[in-house]
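As a plain string of letters, each chain reads:
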Amino acid sequence: MADKKNKDLKKKPANKEGYGADSIQVLKGLEHVRRRPAMYIGDVSSRGLHHLAYEVVDNSIDEALAGYCDKISLTINKDGSITVEDNGRGIPTGMHPTEKKSALEVVMTQLNAGGKFDRSTYKVSGGLHGVGVSVVNALSQWLKVEVKRDGKIFFQEYRAGEPVADVKETGKVDPKVTGTKTTFMPDSEIFTTTLIKYEILEDRLRELAYLNREVTIIIDDERNKKKDVFHFEGGIKEFVKYIDSARKSFMKEPIFLKGERDNTQVEVAFQYNESYNDNIFTYVNDINTHEGGTHLVGFKTALTRTLNNYGSKANIIKNDKIQLTGDDFREGLTCVISTKVPEPQFEGQTKTKLGNSEVKSIVETIVGEQLQEYLETNPSVAKKIIEKCLRAAEAREAARKARELIRRKNALEFSGLPGKLADCSISDPDHCEIYLVEGDSAGGSAKQGRDRRFQAILPLKGKILNVEKARINKVLENEEIKSIITALGAGIGNSDEFDESKLRYGKVILMCDADVDGSHIRTLLLTFFYRHMKEIIETGRLYIAQPPLYKIKINREEHYAYDEKEKDQILKRFKIEAKPAKDKATQPPEIGEAEVSESGELVVKGKGFTISRFKGLGEMNPEQLWSTTMNPETRTILQVSIDSAVAADKVFETLMGEEVEPRRAFIEKNAKYVKNLDI
Ligand code: 0RA
């Protein structure tokens, strides 16, 4: 075994070295990228679009990781193009030994060429996004790159990845000034939208600044003069404070631990807050490892063992009391683990789980040794931590009893499924979906309107529990939540206890009214899934149904509009002008004017047409509900995704948590954006 391992280590894969003619054959030309963009950037929606910007920034971050760059700026230009500029060494511009053209051109036009320079031990750009800047070039209508190097300024421009001309020298500069500036216009022929959103980029850039304390990252929006400068001397310690800014903590400062072994660097910062959830964000080379992995396992092991040992030695944990488990040591924990690993192996469903086995013991040792030292030098904080964990253990015991109760109840009931669930007849989860429907009346319509072969309906009564403010035992006592858990069949909890293979449906679709109450219930449900069944979101199984807002009946034909814009478009198409309503009491409406009907809905009457506004799902009959909202052939459903786990955590904590002031501030700041608040 050992022999084989050594041999493998020495024998580097052939395609990693040199510029062999056949590998160029395969790699050359960005035609394939344009033909199959999703293969390189995941998708061509807003998500893929922002991916382009991350890719370019990641290349600058690599330069920072190598120690040559401490300033990166991203500008969203007025015309919608993006500029990323750094003060690194600049992409090499000299003649490439085998390609016989400027290395700059090679980097910009050949797949994977950037990786051949081995700039740094740790690579962001080799990781999750790691497709190389040439992919950005291929998917841009145009791209311009300017390099300052060796006292000169170099320039090249491209169209859809093809150079317009050779690299040329355009000026002189102080030889001390170096860097790379890339400006690109995402190609509207490739992307379904080319609208760059400040808020999306902002989250990732802030995260990068926390993870790389030496860099300053500037984001600037020329379209509306928004600007932020991110520079955090305190690094991930400050990151933990930021994550917890809407939570109370009994600790003045997060605990910070740091070490290095075998070229693997480990930094950990954490604190305990008054909430009941744990919140651990793990990174490998600045990439968020949503699915965890060996670094997380190493941390958890060290945390449990070290706190347990200390607690017993200090006689805070008494032997006759209940046994503390790992979960107890993580209640109310907010933690950032940042590792830098030379050759990370990414595994898991979304390739965001660290596989390198050696990293477990490295993290475990560093955290174990340093945490013990911290506890011994800070006995009063240590005592508070252990006491909090003891309280968690008591609550867990109560939760265990509650869980046991659900299990026993299930065993007693005939099928074990909730009574109000209308299940589907097919049992293959991949072909089944479940609608969680607000209210019994809409639930009734949905039950009648659905395709019962593959669609199950679970009506929910009123508001479900706000899990952000409840301990797990309360969560498990809640009737609505219990029925969701039993209907889905996979248990509850993140990764350890949740068993995805038992999931009874491939899609979970939230269907709520298009009013304030509906959006509150949707948020409560999203919070529940985010905190207790995150995997459902991470594997792309959670959706939000989109019921229409308006029904427009024209010459007996029904049209549905899902938003104001669509309503206006339909009216325009039929050349109908809906005027605002008059005071109904004094004047009867004229044809074409809006009127508020008895039931409160907006009705516009005209020759042969009416517009009505749906207030709730309950107003639709089963047939309407099917054709507008549930029929897979015609419906639109929104997939819930977590692009930034930190941002999602903040949204939930701020909207649903205990502290009032941050919520008020959040709502004030975001009031103008709430229309397109997507989590
Ligand atoms: C290859 C080699 C070197 C730097 C870079 C690439 C580089 C790439 C990007 C992309 C964005 N900003 C960048 N900055 C640098 C190092 C060459 C040397 O030894 O000087």
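Residues numbered from 1 in each chain as written. Predicted model: local features only at pLDDT ≥ 70, side-chain atom pairs only at ≥ 80, totals over all residues. Heavy atoms only, no water.

A.B. asks: Which residues make up the overall build of the protein chain, and what values do they have?
C.D. replies: Of regular secondary structure, the protein chain possesses 21 helices and 26 strands. Taking all 679 residues of the protein chain together, the buried fraction comes to 51%. Restricting to contacts in the protein chain with at least 6 residues of sequence separation, those with at least 24 account for 68%. For the protein chain, the accessible surface area stands at approximately 32800 Å², while carbon and sulfur atoms represent 50% of it. (Helix = DSSP H or I, 4+ residues; strand = E, 2+ residues; numbered from the N terminus. Buried < 20%, exposed > 50% of the residue type's maximum accessible area, 1.4 Å probe, protein only. Contact = heavy atoms within 4.5 Å. Areas by Shrake-Rupley, 256 points an atom, 1.4 Å probe, with all protein chains shown as cover.)

A.B. asks: Can you break down the nonpolar core residue by residue, with the values?
C.D. replies: Membership of the largest hydrophobic core comes to 146 residues, with the highest contact counts inside it found for F270, F299, F528 and F529. Broken down by element, the residue count for this core peaks at nine residues, all from helix α5 (residues 46-65). Counting 17 residues, the second largest nonpolar core, distinct from the first, contains Y435, I457, Y560 and L617. (Core = buried A, V, L, I, M, F, W, Y, C linked by side-chain atoms within 4.5 Å.)

A.B. asks: Mind laying out the site of the ligand, listing which residues take part and the relevant values?
C.D. replies: Residues in contact with the ligand amount to twelve residues; listed here are only the nearest, E63, D86, I91, R119 and R149. The side chain of D86 places a nitrogen or oxygen atom 2.6 Å from a nitrogen atom of the ligand. Here an oxygen atom of the ligand and a side-chain polar atom of R149 are 3.0 Å apart. Considered on its own, the ligand offers 470 Å² of accessible surface; in the complex 83% of this is hidden by protein. Counting residues per element, the shell around the ligand draws most heavily on α5, which supplies three residues. Grouping the amino acids of the shell around the ligand by side-chain chemistry returns three nonpolar, four polar and five charged. (Near = heavy atom within 4 Å. Polar contact = N/O pair within 3.5 Å; in protein donor to acceptor, adjacent residues only side chain to side chain. Nonpolar A, V, L, I, M, F, W, Y, C, P; charged D, E, K, R; others polar.)

A.B. asks: Quick rundown of the packing of α5 against helix α8 (residues 198-211)? Include the residues and the values.
C.D. replies: Relative orientation of the contacting elements α5 and α8 amounts to 25°, with a least axis distance of 10 Å. One way to sum up the angle between α5 and α8 is to call them roughly parallel. Here α5 and α8 pass one another in a crossing that is right-handed. Contacts between α5 and α8 involve S46, H50, A53, Y54, V57, D58 and I61 from the first element and I200, L201, R204, L205 and L208 from the second. Partitioned by chemical class, the residues of the contact of α5 with α8 number eight nonpolar, two polar and two charged. (Axes fitted to C-alpha atoms, helices over the stretch in contact; angles between N-to-C directions. Parallel < 35°, antiparallel > 145°, perpendicular 65-115°, else oblique. Left-handed = near helix turned anticlockwise from the far one by under 90°.)

A.B. asks: Describe the packing of aromatic side chains, with residues and values.
C.D. replies: Per the stated rule, a full pass over the model turns up ten aromatic pairs. Both rings, one in Y210 and one in Y242, keep their centres 5.5 Å apart while their planes meet at 35°; by these two values the pair is tilted. Taken as a pair, Y210 in helix α8 and Y242 in helix α9 (residues 235-243) lie far apart in primary sequence, 32 residues in all. With a relative accessible area of 5%, Y210 lands in the buried category. (Phe/Tyr/Trp six-rings, centres within 6.5 Å; stacked < 30°, edge-to-face > 60°.)

A.B. asks: Lay out the sheet that holds strand β11 (residues 264-272) in plain terms, naming residues and giving numbers.
C.D. replies: Within the open sheet, the five strands sit side by side as β10-β11-β14-β12-β13. Their pairing is mixed. The sheet is open, and its two edges are formed by β10 (255-261) and β13 (287-288), each paired on a single side. As judged from the six bridges shared by strand β12 (residues 279-284) and strand β14 (residues 333-340), these two strands associate in the parallel manner. By the bridge assignment for β14, N279 is matched with T334. Contacting β10, β11, β12 and β14, α9 runs over the sheet at an angle of about 145° to β14. (Pairing = 2+ DSSP bridges.)

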